[in-house]
Amino acid sequence: MSRLLLVSNRLPVTVKAEKDSVTVVRSAGGLATGLSRPHERSGGVWLGWPGDVSRLTDAQRAKVEAQLEGLRCVPLYLSASEVSRYYEGYSNRVLWPLCHYMVDRIPRQDRDWEVYRKVNERFADLVVRHYQPGDTIWVHDYQLMLVPGLLRQRLPGARIGYFHHIPFPSSEIFSTLPRRLELLKGLLGADLIGFHTVSYVRHFSGALLRQLGLDTDIDRVIWDGREVRVGAFPMGIDATAFETLANDAGVLEEVATLRRKAEGQCVLLGIDRLDYTKGIPRRLLAVQRVLEREPSWRGRLRFIQVAVPSRTQVEDYATYRELVNELVGRINGQYGGVHSVPVHYLYRSFNEKQLVGLYRAADVMLVTPVRDGMNLVAKEFCAARPDEDGVLVLSEFAGAAAEMGSALIVNAFDVEAMADAIEQALEMGEAERHSRMRELRAQVKTHDVHWWTASFLDRLQGLPTASVRATAGGPEVLERMKAASRLHLLLDYDGTLVGFAPRPELAAPDDALRELLAKLLARPGTSLSIVSGRPRETLEAWFGELPISLHAEHGLWSRTRPGQPWRMLEGVSFGWKAQARPVLDAFSARVPGSFVEEKTASLAWHYRQVDPEFGANQSRELRLLLAETFAGQPMDILPGDRVVEVRPKGVHKGRVVGEATQDLPPGTLVVAIGDDRTDEDMFAAMPEGGLTIHAGHKPSRAAYRLNGPGDVRKLLNGLVS
């Protein structure tokens, strides 16, 4: 096992200062427990914020650092301002509500973005200082979404994983975020990006497609020439520890006490951080609804709601607490008596033994968040029930619902349906309760936190190491081009010299490009060819007067000098075209916004104006349909950037290279620049010693890489500056 560098907002420790002494105590949370084994076994390092140590003396801080070093923890100290703006600000006032679909809670301006970015840079710099070749880096959660990308810039060959512990919202919700592109690019620095559920993976893939035009192929996406994997890894708990604690004599004594005090009553239980995502108000209303419509439950129902204080300095949380207090008071005032009340509301923290006692004493566990990444409370409840009794009522909007189908799954926004589920749980027979709980416990025990850790790390460490490519933007490439006594450029057009437009005719060359081409042609010893998929009529209209060679429809048509007639490749068969056109037309009619472009010997179905996710799915379906319908025909079906092109077999840009370079003087440096799959044929046919440059983030045989048309123009301008 390679050494593991764990990176999280908080270190898995608590610093306790009392008078002159100071101690560092390990945390008992799920993440700390799950990662403790690989942390120890790999001899790894955990990097993060140790909490507020601003009030410690220098001597106390030195003691803390010595204890942290013994635990192989590396502290990153944050100022009060950084905590306020990076953590409480951008992380928890912007990203937290966004990922939980609470868009109305996001501030009008993301003023804390710069601090979030700078703190992420500090984390990345700290990791780099401790990195050793061969280390595996695992970054955790939404507070550090930029860190994988920052690490990729600093450590191009490192193995990097990232896990997102909260929901990833639908692409429509994510698109409301002003800094969406920076965050997505940050995550794409990782080799493996993990989420709790398949639906979160799907949402993330949708965001990549909508925002960056990246199509995810099952579990992988190509970015910056690298293969990035995505996957669902549902997090578990330390089920054995909870089961052991549930059989502890002290816990059993506490359970007996709770049951004795609730004699003659059914116990409902809710345990949550006091967070607006947890659905506590609707849960209270559902309990109230049971008491309203079934008077027989009055006096026989005891609902214990534990609300652990959370983010008390944030205004939204204070307002939420007031709402919960009001509801509890109203229900107890309406349905309580002199000797008992239906809702026992406890606003404080409990230790693990106390929680397990509550789990084991409850008849029904209510886990009804309106949105939750996983919710480990649901799993803890099941692990703490070796008696195989108790009923779990679980929101379909908790990630855990994807695994825990034997619970009573409810819509947490539907108060009436939750009330129905509570009654069903209370009235459920013993045999059904035991059957459901056995299935839930088997799931929780099999897929525990150690399984989660091992499955993610095994996948990450089994991936090939990221390959490191040079970039054409570097001085080495430009200097080599400048140093050549003669230079010939083979340039693709769309996606290389210009960006993509909604319709092909809208991507005409602008004045800046015309000026750049004129300067290149005026440069001594420089010649160029444009090799494009465009029709010959378009290239003639745009570039016909320039002293350059033009090659249209991927080399089907060529014209080496102005005024020379266009020549078509010999032996090309396109009798299939008349049969294929109706198929594409029919497909276009059923996909609004798409259209068919016809060229001499090829057809192209464009879907740039179609909803990205729908368009990508339809593109895959069209390619399958064409492949089945025209199997054996002399045609190639090529996916491009929001286009599916059908062209004759044997027509490709590689055939252009020989013709375009055959009359060049000896010693001419040939440089080919292109952006998509059709340009790979051109790269493959390049003469020995030539330069190949890919413009974009797709996999390529090219030796060098640029980010897109802007960088291509920058490189070419460097030649003539």
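Residues numbered from 1 in each chain as written. Predicted model: local features only at pLDDT ≥ 70, side-chain atom pairs only at ≥ 80, totals over all residues. Heavy atoms only, no water.

## With respect to the overall build of the protein
Okay, so step 1: Secondary structure assignment for the protein yields 25 helices and 28 strands.
Okay, so step 2: A principal-axis box enclosing the C-alpha atoms of the protein has dimensions of 100 × 65 × 45 Å.
Okay, so step 3: Counting over 721 residues, the protein shows a buried share of 55%.
Okay, so step 4: Of the contacts made within the protein by residues no fewer than 6 positions apart, 71% connect residues no fewer than 24 positions apart.
Okay, so step 5: Only carbon and sulfur atoms are counted for the fraction: they give 49% of the accessible area of the protein, which is about 30000 Å².
Okay, so step 6: The distance from the centre of the 89 positive side-chain charges to the centre of the 90 negative ones in the protein is 2 Å. (Helix = DSSP H or I, 4+ residues; strand = E, 2+ residues; numbered from the N terminus. Buried < 20%, exposed > 50% of the residue type's maximum accessible area, 1.4 Å probe, protein only. Contact = heavy atoms within 4.5 Å. Areas by Shrake-Rupley, 256 points an atom, 1.4 Å probe, with all protein chains shown as cover. Lys, Arg positive; Asp, Glu negative; His and termini not counted. Charge placed at Lys NZ, Arg CZ, Asp CG, Glu CD.)

## Notes on helix H13 (residues 352-361)
Okay, so step 1: Within H13, seven of the 10 residues are buried, which leaves it mostly tucked inside the rest of the structure.
Okay, so step 2: Among all positions in H13, only Leu355, Val356, Gly357, Leu358, Tyr359, Arg360 and Ala361 are buried.
Okay, so step 3: Between a side-chain oxygen at the N-terminus of H13 and the backbone nitrogen of Lys353 the separation is 3.1 Å; the capping residue is Asn351. (Polar contact = N/O pair within 3.5 Å; in protein donor to acceptor, adjacent residues only side chain to side chain.)

## A few points about the side chain of Ser42
Okay, so step 1: Tracing the backbone shows Ser42 in the loop between helix H1 (30-41) and strand S4 (45-49).
Okay, so step 2: Within the structure, the side chain of Ser42 is placed 3.2 Å from the backbone nitrogen of Gly44, a separation counted as a polar contact.
Okay, so step 3: Contacts of Ser42, omitting those with residues within four sequence positions, involve Met1, Ser2, Arg3 and Leu4.

## Focus: the nonpolar core
Okay, so step 1: Ranked by internal contacts, the top residues of the largest apolar core, which has 102 residues, are Ile137, Phe168, Leu183 and Ile193.
Okay, so step 2: Of all hydrophobic cores here, the second largest spans 43 residues; its members include Ala484, Val498, Ala501 and Val671. (Core = buried A, V, L, I, M, F, W, Y, C linked by side-chain atoms within 4.5 Å.)

## Here's the deal with the layout of surface pockets
If you roll a probe as big as a water molecule over the atoms, it shows you where there is empty space left.
Okay, so step 1: Quantified by volume, the second largest pocket comes out at close to 1300 Å³.
Okay, so step 2: Forming the boundary of the second largest pocket are 44 residues, of which Gly213, Leu214, Asp215, Asp641 and Lys698 lie nearest the centre.
Okay, so step 3: Broken down by secondary-structure element, the contributors of at least two residues to the lining of the second largest pocket are helix H7 (180-187), helix H8 (198-212), strand S9 (220-223), helix H22 (612-629), strand S24 (635-640), helix H24 (677-684) and strand S27 (691-695).
Okay, so step 4: It is H22 that provides the largest number of residues to the lining of the second largest pocket, a total of five residues.
Okay, so step 5: For the lining of the second largest pocket, the per-class residue count stands at 16 nonpolar, 12 polar and 16 charged. (1 Å grid on protein atoms, 1.4 Å probe; cavity = no way out; pocket = protein on both sides within 12 Å on 5 of 7 lines; lining within 4 Å. Points joined across faces, edges and corners; volume = space filled by probe spheres on them. Nonpolar A, V, L, I, M, F, W, Y, C, P; charged D, E, K, R; others polar.)

## Structural notes on the sheet that holds S9
Okay, so step 1: Read across the open sheet, the eight strands follow the order S5-S4-S1-S6-S7-S8-S10-S9; overall the sheet is mixed. Looking at which strands have only one partner, the edges of the open sheet turn out to be strand S5 (73-75) and S9. Direction aside, neighbouring strands of the sheet carry axes that sit 20 degrees apart on average.
Okay, so step 2: Across four bridges, strand S1 (residues 4-10) lies against S4 in parallel orientation. Along S4, the bridge assignment pairs Leu6 with Trp46. (Pairing = 2+ DSSP bridges. Axes fitted to C-alpha atoms, helices over the stretch in contact; angles between N-to-C directions.)

## A closer look at the pairing of strand S23 (residues 603-606)
Okay, so step 1: Side chains Leu603 and Trp605 project from S23 onto one buried face, and the interleaved Ala604 and His606 project onto a second face that is buried too.
Okay, so step 2: Sheet topology note: the strand S22 (residues 595-598)/S23 ladder contains four bridges and is antiparallel. The partner of Glu597 across the bridge, within S23, is Ala604.
Okay, so step 3: A loop of four residues connects S22 with S23, the two strands running antiparallel in sequence.

## Focus on the packing of aromatic side chains
Okay, so step 1: For the structure shown, the criterion picks out 23 aromatic pairs.
Okay, so step 2: Between the aromatic rings of Phe163 and Phe456, the centroid separation amounts to 6.1 Å while the plane-to-plane angle is 80 degrees, which identifies the pairing as edge-to-face. With a gap of 293 residues between them, Phe163 in strand S7 (residues 159-163) and Phe456 in helix H17 (residues 449-461) connect regions that are remote in the sequence. Just as Phe163 is buried, Phe456 falls in that class too.
Okay, so step 3: A centroid spacing of 5.1 Å and a plane angle of 70 degrees characterise the contact between Phe233 and Phe456, whose relative ring orientation is edge-to-face. With Phe233 in the loop between strand S10 (226-232) and helix H9 (239-246) and Phe456 in helix H17, this pair connects stretches of sequence that are 223 residues apart.
Okay, so step 4: Grouping aromatic residues by their ring pairs yields a cluster made of Tyr86, Tyr90, Trp113, Tyr116 and Phe123.
Okay, so step 5: Positioned over the ring face of Tyr77 is Arg61, at 4.6 Å from the centre of the ring.
Okay, so step 6: For the cation-ring pair, Arg348 lies above Phe350, with the distance from its terminal atom to the ring centre recorded as 4.0 Å. (Phe/Tyr/Trp six-rings, centres within 6.5 Å; stacked < 30°, edge-to-face > 60°. Lys NZ or Arg CZ within 6 Å of the ring centre and 35° of its normal.)

## Structural notes on the pattern of salt bridges
Where charged atoms from two side chains of opposite charge come close, those side chains can pair.
Okay, so step 1: Under the definition given, this model contains 54 salt bridges.
Okay, so step 2: Across the salt bridge formed by Arg293 and Glu416, the nearest N and O atoms sit 2.7 Å from each other. In this pair, Arg293 is assigned in helix H11 (residues 280-293) and Glu416 in helix H15 (residues 415-427), connecting sequence segments 123 residues apart.
Okay, so step 3: With a relative accessible area of 23%, Arg293 lands in the partly exposed category.
Okay, so step 4: In this structure, Glu515 and Lys519 form a salt bridge, with 3.5 Å as the shortest nitrogen-oxygen distance. With Glu515 and Lys519 both in helix H19 (residues 511-522) and four residues apart, this pair spans about one turn of that helix.
Okay, so step 5: On the accessibility criterion, Glu515 (48% relative accessible area) is partly exposed.
Okay, so step 6: Put simply, Arg289, Glu292, Arg293, Glu416, Asp420 and Glu423 are held in one network by salt bridges that share partners. (Salt bridge = Lys/Arg side-chain N within 4 Å of Asp/Glu carboxyl O.)

## Looking at the sheet that holds strand S11 (residues 266-273)
Okay, so step 1: Strand order across the open sheet formed by six strands is S13-S12-S11-S14-S15-S16, with parallel pairing between neighbours. Pairing within the sheet leaves two strands with one partner each, and these edge strands are strand S13 (343-346) and strand S16 (408-410). In this sheet, neighbouring strand axes are inclined to one another by 20 degrees on average, regardless of whether the strands run parallel or antiparallel.
Okay, so step 2: Across the sheet, helix H14 (residues 376-383) lies against S11, strand S14 (364-367) and strand S15 (391-395), angled at about 170 degrees from S15, the strand it touches most.
Okay, so step 3: The strands touched by H15 are S11, strand S12 (301-308), S14, S15 and S16; relative to S16, the strand with the most contacts, the crossing angle is about 170 degrees.

## Thoughts on the side chain of His434
Okay, so step 1: In this structure, His434 sits in helix H16 (residues 430-446).
Okay, so step 2: The residues touching His434, leaving out its near neighbours within four places in the chain, are Asp387, Glu388 and Asp389.

## As for the packing of H8 against H22
Okay, so step 1: Relative orientation of the contacting elements H8 and H22 amounts to 100 degrees, with a least axis distance of 9 Å. Considering the angle they form, H8 stands roughly perpendicular to H22. Along the contact surface, H8 presents Gly206, Leu209 and Arg210, while H22 presents Pro612, Glu613 and Ala616.
Okay, so step 2: Considering only residue class, the contact of H8 with H22 consists of three nonpolar, one polar and two charged. (Parallel < 35°, antiparallel > 145°, perpendicular 65-115°, else oblique.)

## Topic: empty space enclosed by the protein
Okay, so step 1: Counted under the stated rule, the structure contains three cavities of 30 Å³ or more.
Okay, so step 2: One number sums up the size of the largest cavity: a volume of about 440 Å³.
Okay, so step 3: Along the walls of the largest cavity sit 31 residues, with Asp494, Phe500, His606, Val643 and Glu645 positioned nearest its centre.
Okay, so step 4: Mapped by element, the contributors of at least two residues to the lining of the largest cavity are S22, S23, S24, strand S25 (643-648) and H24.
Okay, so step 5: In terms of residue count, S24 provides more of the lining of the largest cavity than any other element does, three residues in total.
Okay, so step 6: Residues that form the lining of the largest cavity fall into these classes: 11 nonpolar, six polar and 14 charged.
Okay, so step 7: As a volume, the second largest cavity reaches approximately 50 Å³.
Okay, so step 8: Forming the boundary of the second largest cavity are Leu258, Ala262, Val267, Arg302, Ile304, Leu358 and Ala361.
Okay, so step 9: Where the lining of the second largest cavity is concerned, the elements lending two or more residues are S12 and H13.
Okay, so step 10: Its residues placed into classes, the lining of the second largest cavity shows six nonpolar, no polar and one charged.

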